[in-house]
Amino acid sequence: MYFLNSKSIHKAPAAVAELPVLDARGQRVPFGALFRERRAVVVFVRHFLCYICKEYVEDLAKIPKSFLQEANVTLIVIGQSSYHHIEPFCRLTGYSHEIYVDPEREIYKRLGMKRGEEIASSGQSPHVKSNLLSGSLQSLWRAVTGPLFDFQGDPAQQGGILILGPGDYAVLAAEPELQVGIDIMKTSFPSRGSIPEFFHIMKRKFTNKEWETIRSFKDEWTQLDMFYRNWALKESFIKAIGVGLGFELQRLEFDLSPLNLDIGQVYKETRLFLDGEEEKEWAFEESKIDEHHFVAVALRKPDGSRHQDVPSQDDSKPTQRQFTILNFNDLISSAVPMTPEDPSFWDCFCFTEEIPIRNGTKS
């Protein structure tokens with residue numbers, strides 16, 4: 001069973017996505033523009049005078065840009081002060097990645113971030129080096145000696161971290177007797193730099209033969225298409241075997257066939273080579289569900305033998321087995337409540353203050 005959920009990625013935070021953040025020049029940028037076309041780790045800090053946030057951002061500043069580029073991830077910090085405080089805060093922390101502010105805290109509020117005076121113990125995090133007394137004195141000194149004497153944000157506002165990114169679909173594949181993995185990729189231009197520069201950064205993720213196939217096409221958009229098709233295949237295999245991207249991707253080599261996929265068809269001819277040897281017990285079903293999205297499904301019998309339902313590599317004709325589009329109600333239609341509904345549980349959860357764990361306190 002293969003399912004496709006058109007998840008309307010921006011509907012849940014639709015109103016939030018249109019709210020503005022300000023850059024260091026005071027220019028308004030829609031919050032959604034930070035992640036609609038790229039993957040981003042967004043760190044909401046408490047306020048720029050918070051010593052915990054300062055020391056945490058100092059560690060974020062040590063992350064090499066090349067590391068983020070290779071992972072195709074953008075790091076973003078959002079504060080809640082005036083935009084005038086952005087440049088001094090960056091000079092203080094050495095932070096050179098993207099940073100914005102939400103002075104009215106509208107995004108903080110819409111995302112449900114808490115307000116409270118509690119300060120977590122510095123012993124909880126290896127990123128925080130100062131204790132409560134020294135850290136508070138440092139913050140007070142910065143407030144007094146700064147050009148604008150203010151708290152650089154609401155002292156009671158708590159922060160949070162979000163992982164956001166582009167996408168129009170979520171995919172699910174299930175098989176009763178097979179090892180299965182699935183991935184979907186959208187062809188899109190790199191968020192930064194040219195396509196050749198992007199390929200150079202990703203050079204070690206593909207074999208020489210795979211790069212030859214990718215670059216065999218004249219126009220760069222088709223090269224990107226082939227890049228993301230290969231990436232979906234590698235991700236589907238990694239998910240099927242249950243390991244992360246720490247797996248050396250150059251050990252995998254996909255012989256793509258056919259090179260051109262028609263929308264709405266399912267193809268089963270692509271072969272996998274692991275460490276130079278063909279893995280015949282693995283089969284891959286590929287689909288192009290629209291002009292920009294590739295889906296790859298990896299299939300294998302758990303004991304390594306080929307199941308009769310796993311397509312043969314000689315099955316060269318595409319089939320019509322397409323993804324079934326589901327919405328949220330479809331996903332929960334057969335769900336059975338474990339207990340009677342009690343709205344008070346949700347009300348209680350919403351009003352529960354987070355209690356920090358302090359040194360010497362057992363959870």
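Throughout this description, residue numbers start from 1 for each chain and increase along the sequence as written. Only residues with pLDDT of 70 or above have their local features reported here, since the model is predicted, and side-chain atom pairs are shown and tallied only from 80 upward, although totals for entire chains, interfaces and linings are computed over all residues. Water and hydrogen atoms play no part in the side-chain values, which are based on all heavy atoms of the structure.

1. Comments concerning the overall build of the protein chain
Here is step 1 of the chain: From N to C terminus, the protein chain includes 11 helices and 16 strands.
Here is step 2 of the chain: Counting all 363 residues of the protein chain, 43% fall into the buried class.
Here is step 3 of the chain: Every residue pair with non-hydrogen atoms within 4.5 Å of one another is taken to be in contact. For the protein chain, contacts bridging at least 24 residues in sequence account for 73% of all contacts bridging at least 6.
Here is step 4 of the chain: A total accessible area of about 20200 Å² is found for the protein chain, and carbon and sulfur atoms account for 56% of it. Put simply, DSSP marks the helices as runs of H or I at least four residues long and the strands as runs of E at least two long, and each gets a number from the N terminus on. Remark: exposure states derive from per-residue accessible area (1.4 Å probe, protein chains only) relative to the maximum for the residue type, with buried under 20%, exposed over 50%, and partly exposed in between. Using a 1.4 Å probe, the Shrake-Rupley method yields the accessible areas, and only the shown protein chains count as cover for residues.

2. Considering the environment of E70
Here is step 1 of the chain: Within the secondary structure layout, E70 lies in helix α3 (residues 65-71).
Here is step 2 of the chain: Owing to a relative accessible area of 24%, E70 belongs among the partly exposed residues under this scheme.
Here is step 3 of the chain: Along the sequence, E70 and F199 sit 129 residues apart, while their C-alpha atoms lie 9.7 Å from each other.
Here is step 4 of the chain: Once residues lying within four places of it in the same chain are set aside, the contact partners of E70 are I201, M202, R204 and K205.

3. Let's talk about the environment of K65
Here is step 1 of the chain: Considering the arrangement of structural elements, one finds K65 in helix α3.
Here is step 2 of the chain: A relative accessible area of 38% means that K65 is categorised as partly exposed.
Here is step 3 of the chain: It is 9.1 Å that separates the C-alpha atoms of K65 and L75, two residues lying 10 residues apart in sequence.

4. Quick look at helix α2 (residues 51-60)
Here is step 1 of the chain: Among the 10 residues that make up α2, 8 are buried, leaving the element largely enclosed by the rest of the structure.
Here is step 2 of the chain: Residues of α2 that are buried: Y51, I52, C53, K54, E55, V57, D59 and L60.

5. A few points about the sheet that holds strand β14 (residues 283-288)
Within a beta sheet, neighbouring strands are joined by backbone hydrogen bonds and run either parallel or antiparallel to one another.
Here is step 1 of the chain: We treat two strands as partners when DSSP finds at least two bridges between them. The antiparallel open sheet is built from 4 strands, whose spatial order is β9-β15-β14-β11. The outermost strands of the open sheet, each flanked by one partner alone, are β9 (179-186) and β11 (266-267).
Here is step 2 of the chain: Bridge count between β14 and strand β15 (residues 293-300): 6 bridges; the pairing is antiparallel. Paired with F284 across the two strands is A298, which belongs to β15.
Here is step 3 of the chain: Contacting β9, β14 and β15, helix α9 (residues 220-241) crosses the sheet at an angle of about 150° to β9. Axes, fitted as lines to C-alpha atoms, cover a helix only where it is in contact. Angles between the N-to-C directions of the axes lie from 0 to 180 degrees.

6. Description of the pattern of salt bridges
Here is step 1 of the chain: Think of a salt bridge as a Lys or Arg side-chain nitrogen and an Asp or Glu carboxyl oxygen that are within 4 Å of each other. The full count for this structure, using the stated rule, is 12 salt bridges.
Here is step 2 of the chain: The closest approach of N and O atoms between E286 and R229, which form a salt bridge, is 2.7 Å. In this pair, E286 sits in strand β14 while R229 sits in helix α9, placing the two residues 57 residues apart along the sequence. Each member of the pair, E286 together with R229, is buried.

7. Description of the nonpolar core
Here is step 1 of the chain: By convention a nonpolar core is built from buried Ala, Val, Leu, Ile, Met, Phe, Trp, Tyr and Cys residues, the set being connected through side-chain atoms within 4.5 Å. In terms of nonpolar packing, the biggest core is built from 30 residues, with F199, F227, L252 and F284 touching the most fellow members.
Here is step 2 of the chain: Among the secondary structure elements, those contributing two or more residues to this core are α7 (195-201), α8 (208-215), α9, β10 (252-255), β12 (271-274) and β15.
Here is step 3 of the chain: At 10 residues, the largest contribution of residues to this core is made by α9.
Here is step 4 of the chain: Core analysis: the next-biggest nonpolar cluster, separate from the first, contains 20 residues, F48, C53, V77 and F89 among them.

8. As for the packing of α8 against α9
When two helices pack together, their arrangement is given by the angle between the helix axes and the distance between those axes.
Here is step 1 of the chain: Taken N-terminus to C-terminus, the directions of α8 and α9 make an angle of 145°; their axes are 8 Å apart at the nearest point. Here α8 contributes E210, W211, T213, I214 and R215 to the contact with α9, which in turn contributes Q223, M226, F227, N230 and K234.

9. A few points about the packing of α2 against helix α4 (residues 86-93)
Here is step 1 of the chain: Between α2 and α4, the least distance of the axes is 9 Å, while the angle of their chain directions is 65°. On the basis of their axis angle, the class for α2 and α4 is roughly perpendicular. Handedness of the α2/α4 crossing: right-handed. Residues K54, V57 and E58 of α2 lie in contact with α4, whose contacting residues are F89, L92 and T93. Roughly parallel means an angle under 35 degrees; roughly antiparallel means over 145; roughly perpendicular covers 65 to 115; every other angle is labelled oblique. What makes a crossing left-handed is the near helix being turned counterclockwise from the far one by less than a right angle; a clockwise turn instead makes it right-handed.

10. A few points about α9
Here is step 1 of the chain: By definition here, a helix of n residues has an expected span of 1.5 Å times n minus one. Taking 1.5 Å of rise per residue, 22 residues should cover 32 Å, and α9 covers 32 Å from first to last C-alpha, within 8% of that figure.
Here is step 2 of the chain: Most of α9 sits inside the fold, with 17 of its 22 residues counted as buried.

11. Here we look at the confidence of the model for the protein chain
Here is step 1 of the chain: Across the protein chain, the average pLDDT comes to 78, with 74% of residues at or above 70.
Here is step 2 of the chain: When the criterion is pLDDT under 50, residues 5-12 qualifies, and its contacts beyond four places in sequence or with other chains add up to 18 contacts.
Here is step 3 of the chain: As a per-residue measure, pLDDT reflects the predictor's confidence and takes values from 0 up to 100. In this model residues 354-363 is a low-confidence stretch, pLDDT under 50, and it forms 13 contacts with partners more than four residues away in sequence or in other chains.

12. Concerning the pairing of strand β5 (residues 73-79)
Here is step 1 of the chain: Burial runs high along β5: 6 of the 7 residues are buried.
Here is step 2 of the chain: Here β5 runs beside strand β6 (residues 98-101); their pairing, made up of 4 bridges, is parallel. Bridged to I76 within β6 is E98.

13. A short note on unusual backbone geometry
Trans peptide bonds make up most of the peptide bonds, and negative phi angles are found at most residues other than glycine.
Here is step 1 of the chain: Note that the residue after S257, namely P258, is joined by a cis bond; omega there is -10°.
Here is step 2 of the chain: Mapped onto the fold, P258 is located in the loop between β10 and β11.
Here is step 3 of the chain: The backbone of D275 sits at a positive phi, close to 55°, despite the residue not being glycine.
Here is step 4 of the chain: With respect to the helices and strands, D275 occurs in the loop between β12 and β13 (277-278).

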